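Here's the letter readout for the chains.
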Amino acid sequence: MSQQANWVPTSVNVDKPSAARMYDYLLGGSHNFAVDREFLEKLLAIQPNAKRWAIMNRAFMRRAVLFMLEQGIRQFLDLGSGIPTVGNVHEIAQSVDPSSRVVYVDNEHVAVAHGQLLLESNENAVIVQADITRPGLVLNDPVTRRMLDFTRPIGLLAVTIGHYILDEHNPREVFSAYRTALPTGSFMAMTHMTSDFEPEKAAALTEAMKSSQNMVRARSRGEVLELFGEFELVDPGLVTTSQWRPDLPNEVDEPERDGLYAGVGLK
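Residues numbered from 1 in each chain as written. Predicted model: local features only at pLDDT ≥ 70, side-chain atom pairs only at ≥ 80, totals over all residues. Heavy atoms only, no water.

A. Looking closely at the environment of Arg221. One can find Arg221 in helix α10 (residues 221–227). Note on Arg221: relative accessible area 35%, which makes it partly exposed. C-alpha separation for the pair Arg221 and His192, spaced 29 residues apart in sequence, amounts to 9.1 Å. Ignoring any residue separated from it by four or fewer positions in sequence, one finds Arg221 in contact with Thr194, Asp196, Leu238 and Tyr261. (Helix = DSSP H or I, 4+ residues; strand = E, 2+ residues; numbered from the N terminus. Buried < 20%, exposed > 50% of the residue type's maximum accessible area, 1.4 Å probe, protein only. Contact = heavy atoms within 4.5 Å.)

See below:
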C-alpha cells in the first residue's frame, strides 16, 4: 500500500513495525507498510506457524461472537481491535441482528483512522482511540457510554491483546477492572499467546518484538486462566484456538501449532 495514502495520519510511525498492521498483512489486508511486511518475514523465520496463529485466531473470534449472539448478546466491546477488516465483529454481529452495537478500541493510529472511515456510515459501530491498559478511560469514554448500555449484558472481546499487556501494566488488575464493569450475564472472549508448546521459539519471538512498537509477554495456561477471574468458562474451557468449538471436528489438526490459548467466560 502507498505510504502516501491520504487517509494515513501524519502521526503514524512508518519506521517501526506495528502489531496491528502486521496482523492486517497476515490476514491478507492492504493497510500495512513495507517495514511491517519486512519485519513479519523475520518473525516467520523464527515462528513459521505465525500465519496459522492469525488464521485460527480470526476463526475463533467469529465463532465466539456467534456464540455470544446465540446467548442473546447484542452489544460488544472489542479491546485492541486492530484494523477493521472483512469479517470483523460488527459485520458478524450485524449480519445476525442489524441493531447490534459495537465499540472498537485501539491506540494504533492506522487502525483508528481506517476504522473511522470504514464505520462513518454505520450508526451502531464506532472506534475509540484509547490505551486499553487504562480501563477507566475506555469504560468512561463518552462514545463508549453513548453506544453501550452497561445495565445489559455485554460481550467483551480481548482477542490477541493480553500478551501485549506487559507485567508492569498489571494485566490481572486491567482485566479485573473490565470484568467488574460488566453486568451479570456478560461474556468475555480471550485469546493469548503462550510459551507452553514451543518455549524456545516463544522466547525468540518475544526478543524480536522488542524492536517493534509492541513488545509481548507470552503466558502459561495457568496465567491466562487468572485473567478470567471469577468468570465461569463455558465448554470446552481454556484450549487452543482451533479446539474451541470448531465448526467441524476434523478441523482440529495439531492444536499445539495454534500458539494461542482461547476461551469464553460468563459472568
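After presenting the structure, the write-up continues.
B. Spatial organisation of the pairing of strand β4 (residues 155–159). Extensive coverage of β4 is indicated by the burial of five of its five residues. Residues Gly155, Leu157 and Val159 line one face of β4 and the alternating positions Leu156 and Ala158 line the opposite face, and both faces are buried. As paired strands, strand β1 (residues 75–79) and β4 are joined by three bridges and run parallel to one another. Within β4, the position partnered with Phe76 by the bridge is Gly155. Here β4 runs beside strand β5 (residues 187–193); their pairing, made up of five bridges, is parallel. (Pairing = 2+ DSSP bridges.)

C. Representation of the packing of aromatic side chains within the structure. In the structure shown here, the tally under the stated rule is four aromatic pairs. The interplanar angle of 80° and the centroid separation of 5.3 Å between the aromatic rings of Phe60 and Trp244 together place this pair among those described as edge-to-face. Here Trp244 lies in the loop between β7 (239–240) and β8 (260–266) and Phe60 lies in helix α3 (residues 50–70), a separation of 184 residues in the sequence. Each member of the pair, Phe60 as well as Trp244, is classed as buried. Seen from the ring of Phe150, Arg145 lies directly overhead, with NZ or CZ sitting 4.2 Å from the centre. Note that Arg245 overlies the ring of Trp244, its terminal NZ or CZ placed 5.3 Å from the centroid. (Phe/Tyr/Trp six-rings, centres within 6.5 Å; stacked < 30°, edge-to-face > 60°. Lys NZ or Arg CZ within 6 Å of the ring centre and 35° of its normal.)

D. The side chain of His192, seen in detail. Among the structural elements, His192 can be located in strand β5. Overall, His192 belongs to the buried group, its relative accessible area being 0%.

E. Structural detail: the layout of surface pockets. Roughly 1,100 Å³ of internal volume is contained in the largest pocket. Together, 49 residues line the largest pocket, and Ala19, Ala20, Thr160, Tyr164 and Asn214 are the ones closest to its centre. Counting residues per element, the ones that place at least two in the lining of the largest pocket are α1 (19–26), α2 (34–46), α3 and β2 (101–106). When grouped by side-chain class, the residues that make up the lining of the largest pocket number 27 nonpolar, 16 polar and six charged. (1 Å grid on protein atoms, 1.4 Å probe; cavity = no way out; pocket = protein on both sides within 12 Å on 5 of 7 lines; lining within 4 Å. Points joined across faces, edges and corners; volume = space filled by probe spheres on them. Nonpolar A, V, L, I, M, F, W, Y, C, P; charged D, E, K, R; others polar.)

F. Region of the structure containing the packing of α1 against α2. Packing of α1 against α2 brings their axes to within 9 Å, and their N-to-C directions diverge by 75°. When the interaxial angle is binned, α1 and α2 end up roughly perpendicular. Taking contact as the criterion, the partners of Arg21, Met22, Tyr25 and Leu26 in α1 are, on α2, Val35, Asp36, Arg37, Phe39, Leu40, Glu41 and Leu43. Here the contact of α1 with α2 is built from residues that sort into seven nonpolar, no polar and four charged. (Axes fitted to C-alpha atoms, helices over the stretch in contact; angles between N-to-C directions. Parallel < 35°, antiparallel > 145°, perpendicular 65-115°, else oblique.)

G. How the structure looks around the nonpolar core. Counting 30 residues, the largest nonpolar core has Leu77, Leu79, Val103, Val105, Phe175, Tyr178 and Met190 as the members making the most contacts within it. Put simply, the parts of the chain that give this core at least two residues each are β1, β2, β3 (125–129), α6 (135–139), β4, α8 (171–181), β5 and α10. By residue number, the principal contributor to this core is α8, which donates three residues. For Leu79, the contacting residues outside a window of four places in its chain are Val105, Ile132, Val138, Leu156, Leu157, Ile161 and Tyr178. One finds Val65, Leu69, Val234 and Val264 within the second-largest nonpolar core, a separate group that totals 27 residues. (Core = buried A, V, L, I, M, F, W, Y, C linked by side-chain atoms within 4.5 Å.)

H. The environment of Ser18, seen in detail. Note on placement: Ser18 falls in the segment before α1. Once the C-alpha coordinates of Ser18 and Val110 are considered, the two residues, 92 residues apart in sequence, prove to be 9.5 Å apart. Apart from residues no more than four positions distant in its own chain, Ser18 is found in contact with Asp36, Glu108, Gln213 and Asn214.

I. Layout of the pattern of salt bridges. A complete count under the given rule lists 10 salt bridges for this structure. Of the charged contacts in the structure, one is a salt bridge between Asp258 and Arg52, with a shortest N-O distance of 2.8 Å. With Asp258 in the loop between β7 and β8 and Arg52 in helix α3, this pair connects stretches of sequence that are 206 residues apart. No difference in accessibility class separates Asp258 from Arg52, as the two residues are buried. Salt-bridge contacts for Asp247 lead to Arg62; the nearest nitrogen and oxygen are separated by 2.4 Å. (Salt bridge = Lys/Arg side-chain N within 4 Å of Asp/Glu carboxyl O.)

Everything listed is a geometric property; what it means functionally is a separate question.
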